[in-house]
Amino acid sequence: MRGKFQIFALLSLLVVPVLLLAQCAPAAPPAPTEAPPTPVEVPPTPVPPPPKENVAVYAHVTTFPDIDPSVSFSNDSAVTSNAYETLVWYNPPGSAEVLRPGLAERWESNADATEWTFTLRQGVKFHDGTELNAEAVKQAIGRTMSLGLGAAYIWDPVEEIIAVDDYTVQFKLKYPAPLDLIAASGYGAWIFSPACVEAQGEKASEWFNEGHDCGSGPYMVESYERGQRLIMKKFADYWGGWQPGQFDRVVFEVVEDPVVRQQMIEAGEADVTYELPRENLDSLDARPDVTVYTNPSFQNLVGLFNVRKPPLDNPKVRQALSYAFPYQQFIESVMEGYAVQAHGPVPTGMWGYSKDLFQYSYDLDKAKALLAEAGYPDGGFELLFTYATGDMDEQQVGELWKAELARLNINLTVQGMAWEAQWDLAKSDPMKAQDVFVMYWWPDYVSPYSFLFNMFHCEEEILFNLGYYCNPTFDEMIDRANELSGSDRAEAERLFIEAQKILIEDAASMFFYDVANTHILRSDIKGYVDNPAYPHVVFFYQLSR
Amino acid sequence: MRRWEYVIRRLALAVLVLVSVSVITFLIARVVPSDPAAAWVGPRPTPEQIAQARRELGLDKPLYVQYLRYVRALLRGDLGVSVKTHQPILRDLKTYLPATMELVLFGMLMAITIGIPLGVLSGAKRNGLLDHSSRLVAIAGVSMPTFWLGLLLQLLFFGKLGWLPLGGRVDRSISLYNPVQQITGFYLVDTVLTGNWVALKDSLVHLILPAFTLATYAIGLTIRMTRSTMIEVLEEKYIVAARAAGLPERTILFRLALKNAIIPTLTVLGLSFVYSLTGAILVEVIFSWPGLGTYVTNAILNVDFPVIMAVTLVVTVFYVFINLFLDLLQAALDPRVTLG
């Protein structure tokens, strides 16, 4: 009797974790809307691979947090950019035009850029079989705006969207804005089939993230093994048509370890990857079967000076510190040449960038002279430099700068913090916050305004102006430039460049470097061009093998 | 104390432990410098978006109201929603927990099948060649960093020999042409249930390197623990008597001695099993294994507290029940152990 009880008791105890596991056991993945789920009892017959299928493999650094097209605002754009399209596309630097048609064939604005009219491409089908029309555009952008998550704020200027006819959609704005640039954003500007989303009801977001899409892009999400692999297949009815050599399927493998990604690309297990150890890139590029593509990204590293707190409230001290960083030495020795010294806050290659803007160079004598002018001939102060823990480049910037500043008798404390904590400290009382806030900035939509407004425009409530810089003349200039961005881009660009001169003269920030985009591809992949407006996105439709 | 009384007392304590863990994790989540409302919105939240998210997530309510809501949801089986991915955590766990469980269980199987026989033989043939070799294996297993061993194994078995895959749960050709139909989330089970033999073979092949890397510590520990207890047991009088009676050596070692020597080893194995649920992080990253370790690492890096809280609770449940199970098992196997 006792023995039976023992067995019963042990089994009962085992039941609890088993039940827990059963609760946590994955549900069968939802079947496509058209087809019923395959019954479990019937063993699937293994299907041999079609002999001529052309498959591309992207060894991707991160998982895809959210592939809902209205919410996606992260590395998931690698997927969304192949499944969805925008009304307009931003061209890679060096192109004749800044923008090119996407789902809209042409667009125009009124004189003050408060009314925009987009004429849609005809004959475009979404993956659910419905057709693109003005109502679909209105509803897709409407959903993104009403959810209010991710990059939804890019549509803030929009007051009303009107479907004028089947293929004409009009945006009425609350204030002038470059809606063509906004519509070309890689985040929050995707157009999708409203019918497809409606069919999922309130669970649409979950449905997307189970491995589905509602786009019109050249590839459709076929399956998603979370944290491991996402597979896309070509959309046969894609309006652009298909050519021999283009890929039938694209596999995104999530591989976080850089050494493993390198092994994959060397072994031909992956066709595309990025973020490999910089010191290995030259030897990889020397291989005949691997090509390393490098070009400037639209991302830069800045060190925002706390302009409210002494001694950095004195521009001369900030200028002195700007002369105390060995830019070229850092770029050559630490970055292995995969960066360029910044010309102000707008990164290389973006409109609004100017190579004629002043650059501070490494000159300790000048730094000493400026410190003396500011009343600190012997240095003798302490500064706190905060950066996001885990970013080795930011840490090394701090360590190298610390060594240089020590020669000026300035003690720089280099403090790594979780981003949330770093940001939280910066949003507290500026007089008790850090002295230098180090972070990367990249644009939500490609405009100098993203850099200049977010990091340097006066803010009542501190958000991203984490150096607390406030200059009404500067604000007026960039606000005006932003208004003109839609109607007179040349004048807007001139104003943006003039505004940057103010920032550089004021030394509002350290402009360390513009990061290079480096992508590593197998050499038999043809047609690759990096577009920094869509970071780490590979447009597989443009590639072939 | 009667066994059922003991079980009831332990279960009551378990509830207390779980409540305490939920309170502590909830409070930590509110104390650390992070704003879940900002994280919910995305990387560039505007003040309006943050305010709206704060209302929607109920973060504008008093702390006790927030906690009660959290507990009420827990009792309904709702572990909350990730502030980064906006996905229900329970659904994420359905994907990641079975992957880790499969890896850890396979690793434990390796630890048992390799560690126990080696420990027994090592203890029986003290100071012999086998003993020295297995001790070396044990020390190496316990002291070798898993991230280093994992990379070495990849370099050898994938890079040089090409015998085993680099990582992942199945090869991409399986995902493309013979996808695993998920029923339990354990690929070995699901492939058998659906008769997908190609995927079964591939899943097994993919398990070998990560499971072995994960198991090295447990193998080392098992060898050492089994060896030392075997040495003690083999000096007992009943073993001398059995030898005098002329029982075969195999019977003496594996039937008589091991039965008593195994108990501490089982405890160690049980605890290292639970530890591995979250301790497999490095192995999961190196072998691109989409498990709980990877999931919780990303959550920690993103300060995604609902996920951290949920995983902490789930792992606590495992700790509590496996500890209780081990205590009862010990009592059942060893009459000297009393409960209470």
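Along each chain, residue indices are assigned from 1 in the same order as the chain's sequence is written. Lettering for chains starts from A, numbering for ligands starts from 1, and both go in the order in which the items are written. In keeping with the model being predicted, local features are shown solely for residues with a pLDDT of at least 70 and side-chain atom pairs are shown and tallied solely at 80 or more, while totals for entire chains, interfaces and linings include all residues. With hydrogens and water stripped out, all remaining heavy atoms of the structure feed into the side-chain values.

Visitor: What am I meant to see in the overall build of chain B here?
Guide: The helix and strand labels rest on DSSP assignments: H or I over at least four residues marks a helix, E over at least two residues marks a strand, and numbering proceeds from the N terminus. Per the secondary structure count, chain B includes 15 helices and zero strands. Two residues form a contact once any of their heavy atoms are found within 4.5 Å. Counting only contacts in chain B whose residues sit at least 6 apart along the sequence, the fraction spanning at least 24 positions is 70%. Reported accessibility uses the Shrake-Rupley method at a 1.4 Å probe radius. Residues are deemed covered only where the shown protein chains occlude them. Roughly 15300 Å² of accessible area belongs to chain B as shown, and the carbon and sulfur atoms make up 68% of that amount. As used throughout, the charge tally considers Lys and Arg to be positive and Asp and Glu to be negative, leaving His and the chain termini uncounted. Here the site of a charge means NZ on Lys, CZ on Arg, CG on Asp, or CD on Glu. Separation between the mean location of the 30 positive side-chain charges and that of the 20 negative ones in chain B comes to 3 Å.

Visitor: Can you help me understand the side chain of A:Ser216 in this one?
Guide: All names here are of chain A. Mapped onto the elements, Ser216 comes out in the loop between α6 (204-209) and β8 (219-225). The buried category is assigned to Ser216, whose relative accessible area is 0%. For the purposes of these results, a polar contact is taken to be a pair of N or O atoms within 3.5 Å, where, inside protein, one atom must be able to donate a hydrogen and its partner to accept one; residues adjacent in sequence count only when each atom of the pair is a side-chain atom. Polar contacts involving the side chain of Ser216 include one to the side chain of Glu85, which spans 2.8 Å. Not counting chain neighbours up to four residues away, the residues in contact with Ser216 comprise Ala83, Tyr84, Glu85, Leu103, Val124, Lys125, Phe126, His127, Phe235, Tyr238 and Trp239. Residue exposure (1.4 Å probe, protein chains only): buried if accessible area is under 20% of the type maximum, exposed if over 50%, otherwise partly exposed.

Visitor: Help me understand the state of the cysteines, please; the structure alone is not making it clear to me.
Guide: In a disulfide, the sulfur atoms of two cysteines are held together by a covalent bond. Residue and element names in this part refer to chain A. Disulfides are defined in this document as cysteine sulfur pairs within 2.5 Å. One pass over the structure, following the stated rule, counts two disulfides over all chains. What pairs with Cys458 in a disulfide is Cys470, and their sulfur atoms sit 1.9 Å apart. Here the S-S torsion is close to 100 degrees, and the disulfide linking Cys458 with Cys470 is therefore right-handed. Of this pair, Cys458 sits in the loop between α14 (448-456) and α15 (472-484) while Cys470 sits in the loop between α14 and α15; the two residues are twelve residues apart in sequence, bridging distant segments of the chain. Cysteines bonded in chain A are numbered consecutively along the chain; their disulfide partners then correspond to 1-2, 3-4.

Visitor: Before we go on, may I ask you to explain the pattern of salt bridges in this structure?
Guide: Pairs can form between side chains of opposite charge once their charged atoms are near each other. In what follows, salt bridge is the name for a side-chain nitrogen of Lys or Arg lying within 4 Å of a carboxyl oxygen of Asp or Glu. A complete count under the given rule lists 31 salt bridges over all chains for this structure. Notably, a salt bridge pairs A:Lys501 with A:Glu498, separated by 3.1 Å at the nearest N-O pair. Of this pair, A:Lys501 and A:Glu498 both sit in helix α16 (residues 489-506), separated by three residues, roughly a single helical turn. Overall, A:Lys501 belongs to the partly exposed group, its relative accessible area being 42%. Taking the shortest distance from any N to any O, the salt bridge between B:Arg10 and B:Asp327 comes out at 2.6 Å. Here B:Arg10, found in helix α1 (residues 3-31), pairs with B:Asp327, found in helix α15 (residues 305-333); they are 317 residues apart in sequence, far enough to count as distant. For B:Arg10, a relative accessible area of 18% translates into the label buried. Look at B:Asp327 and you get partly exposed, because its relative accessible area is 25%. One network of salt bridges, with partners in common, ties together A:Glu53, A:Glu222 and A:Arg249.

Visitor: What's the story with a negative patch on the surface in this structure? I'm lost.
Guide: A cluster of acidic side chains, namely A:Glu279, A:Asp282, A:Asp285 and A:Glu336, defines a negative patch on the protein surface. The topology assignment puts A:Glu336 in the loop between α10 (327-334) and β13 (339-341). Patch construction takes residues with relative accessible area above 30% that form no salt bridge. Like charges are linked within 9 Å, and nonpolar side chains (Val, Leu, Ile, Met, Phe, Trp, Tyr) are linked within 5 Å.

Visitor: Explain the nonpolar core here, please?
Guide: Across soluble globular proteins, nonpolar side chains have a tendency to be buried as a group. Among buried residues, the Ala, Val, Leu, Ile, Met, Phe, Trp, Tyr and Cys ones that are joined through side-chain atoms within 4.5 Å form a nonpolar core. Ranked by size, the top nonpolar core spans 173 residues in total, and within it A:Leu87, A:Tyr90, A:Phe171, A:Trp401 and A:Tyr513 carry the most contacts. The greatest single-element share of this core, amounting to seven residues, is contributed by α16(A). Of the residues that make up this core, three or more belong to each of domain 1 (55-289 + 523-542) and domain 2 (296-517) of chain A. Counting residues in hydrophobic clusters, the runner-up holds 60 residues, among them B:Val21, B:Phe26, B:Tyr67 and B:Ala218. Residue ranges for the domains originate in an automatic or database domain assignment.

Visitor: Would you mind showing me how to read the environment of B:Ser34 here?
Guide: Looking at where B:Ser34 falls in the secondary structure, it is placed in the loop between α1 and α2 (36-41). On a C-alpha basis, the gap between B:Ser34 and B:Asn302 in space is 9.8 Å, while along the polypeptide they are 268 residues apart. In this view, B:Ser34 contacts A:Glu420, B:Val303 and B:Phe305; residues no more than four positions away in its chain are not counted.

Visitor: What am I meant to see in unusual backbone geometry here?
Guide: For residues other than glycine, phi is negative in most cases, and the peptide bonds are mostly trans. Residues and elements named next belong to chain A. A cis amide bond links Pro310 to the next residue, Pro311, at an omega of 0 degrees. The residue Pro311 is located in the loop between β12 (290-305) and α9 (315-322) in this model. Positioned with a positive phi, His536 is a non-glycine residue whose angle comes to about 60 degrees. Locating His536 in the fold gives a position in the segment after β17 (509-522). With a relative accessible area of 17%, His536 lands in the buried category.

Visitor: In this structure, what is going on with the domain arrangement of chain A? I would like to understand it.
Guide: Buried accessible area, meaning the area lost when the parts come together, often serves as the stated size of an interface. Residue and element names in this part refer to chain A. Taken as a whole, chain A is organised into domain 1 (55-289 + 523-542) and domain 2 (296-517). For domain 1 versus domain 2, the separation of C-alpha centres amounts to 31 Å. Taken residue by residue, the interface counts 27 residues in domain 1 and 24 residues in domain 2. Each of two parts loses accessible area, computed with a 1.4 Å probe, when they are put together; buried area is these two losses added. Summed over both sides, the interface of domain 1 with domain 2 buries roughly 2000 Å², with 60% coming from carbon and sulfur. By the criterion of area lost to domain 2, the three top residues of domain 1 are Tyr90, Leu181 and Arg278, representing 29% of everything that side buries. Put simply, domain 1 and domain 2 have two salt bridges between them.

Visitor: What should I look at first to understand the interface of chain A and chain B in this one?
Guide: The interface of chain A with chain B comprises 73 residues on the first partner and 73 residues on the second. Here A:Asp444 and B:Arg44 are joined by a salt bridge, their closest N and O atoms 3.8 Å apart. Seen at the junction of chain A and chain B, the total is 13 residue pairs in polar contact (both at pLDDT 80 or more). When residues of the side of chain A that touches chain B are traced back to their parent elements, those giving at least two are α1 (2-24), β1 (55-60), α6, β9 (229-234), β10 (249-254), α7 (258-267) and α13 (419-427) of chain A. The element contributing the most residues to the side of chain A that touches chain B is α1(A), with twelve residues. Residue polarity follows a fixed list, in which Ala, Val, Leu, Ile, Met, Phe, Trp, Tyr, Cys and Pro are nonpolar, Asp, Glu, Lys and Arg are charged, and the others, Gly among them, are polar. Partitioning the side of chain A that touches chain B into residue classes produces 44 nonpolar, twelve polar and 17 charged.

Visitor: Just checking my understanding: could you explain the sheet that holds strand β4 (residues 104-109) of chain A for this structure?
Guide: One key point about sheets: their strands pair by backbone hydrogen bonds, in either a parallel or an antiparallel sense. Residue and element names in this part refer to chain A. The strand order β4-β5-β7-β6 describes an open sheet built from four strands, whose pairing is antiparallel. Two strands lie at the open edges of the sheet, namely β4 and β6 (158-165), each paired on one side alone. With direction set aside, neighbouring strand axes in the sheet form an average angle of 20 degrees. By the bridge criterion, six bridges tie β6 to strand β7 (residues 168-173) in an arrangement that is antiparallel. For two strands to count as paired, DSSP must find a minimum of two bridges between them. To get an axis, fit a line to the C-alpha atoms, keeping to the stretch in contact for a helix; angles then go from 0 to 180 degrees between the N-to-C directions.

Visitor: Just to check I follow, could you spell out the environment of B:Thr194 for this structure?
Guide: Residue and element names in this part refer to chain B. Here Thr194 lies in the loop between α9 (187-193) and α10 (197-234). Expressed as a C-alpha distance, the spacing of Thr194 and Arg76, which sit 118 residues apart in the sequence, is 32 Å. A distance of 3.5 Å separates the side chain of Thr194 from the backbone oxygen of Thr191, its partner in a polar contact.

Visitor: Just checking my understanding: could you explain the packing of aromatic side chains for this structure?
Guide: Two numbers describe a pair of aromatic rings. These are the distance of the centres and the angle of the planes. Any Phe, Tyr or Trp ring, taking Trp's six-membered ring, that has another such ring centre within 6.5 Å forms a pair; planes under 30 degrees apart are called stacked, those over 60 apart edge-to-face, and the others tilted. Summed over all chains, the structure comprises 52 aromatic pairs over all chains. Where A:Tyr90 meets A:Phe298, the ring centres are 6.1 Å apart and the plane angle is 90 degrees; that geometry is what we call edge-to-face. Of this pair, A:Tyr90 sits in strand β2 (residues 88-90) while A:Phe298 sits in strand β12, and the two are 208 residues apart along the sequence. On the basis of relative accessible area, A:Tyr90 is assigned to the buried category, the value being 5%. Cluster of aromatic residues (ring-pair linked, three or more members): A:Phe305, A:Phe325, A:Tyr327, A:Phe330, A:Phe385, A:Tyr387, A:Trp401, A:Phe512 and A:Tyr513. Only Lys NZ and Arg CZ are tested; either one counts as a charge over a ring when it is within 6 Å of the ring centre and within 35 degrees of the ring normal. Here A:Lys427 stacks its cationic end above the ring of A:Trp423, 3.6 Å away from the centre of that ring. Of note, B:Arg44 hangs over the ring of A:Trp441, and the distance from its end group to the ring centre comes to 3.6 Å.

Visitor: For this particular structure, what's the right way to read the pairing of β10(A)?
Guide: The two faces of a sheet get side chains in turn, since along a regular strand they alternate between them. Residue and element names in this part refer to chain A. Burial analysis of β10 places six of its six residues in the buried class, the great majority of the element. Of the two faces of β10, the one lined by Arg249, Val251 and Glu253 and the one lined by Val250, Phe252 and Val254 are each fully buried. As paired elements, β1 and β10 share six bridges and run parallel to each other. Bridging across to β10, Ala56 finds its partner in Val250. The pairing of β9 with β10 spans five bridges and is antiparallel. Counted as the bridge partner of Met232 is Val250 from β10.

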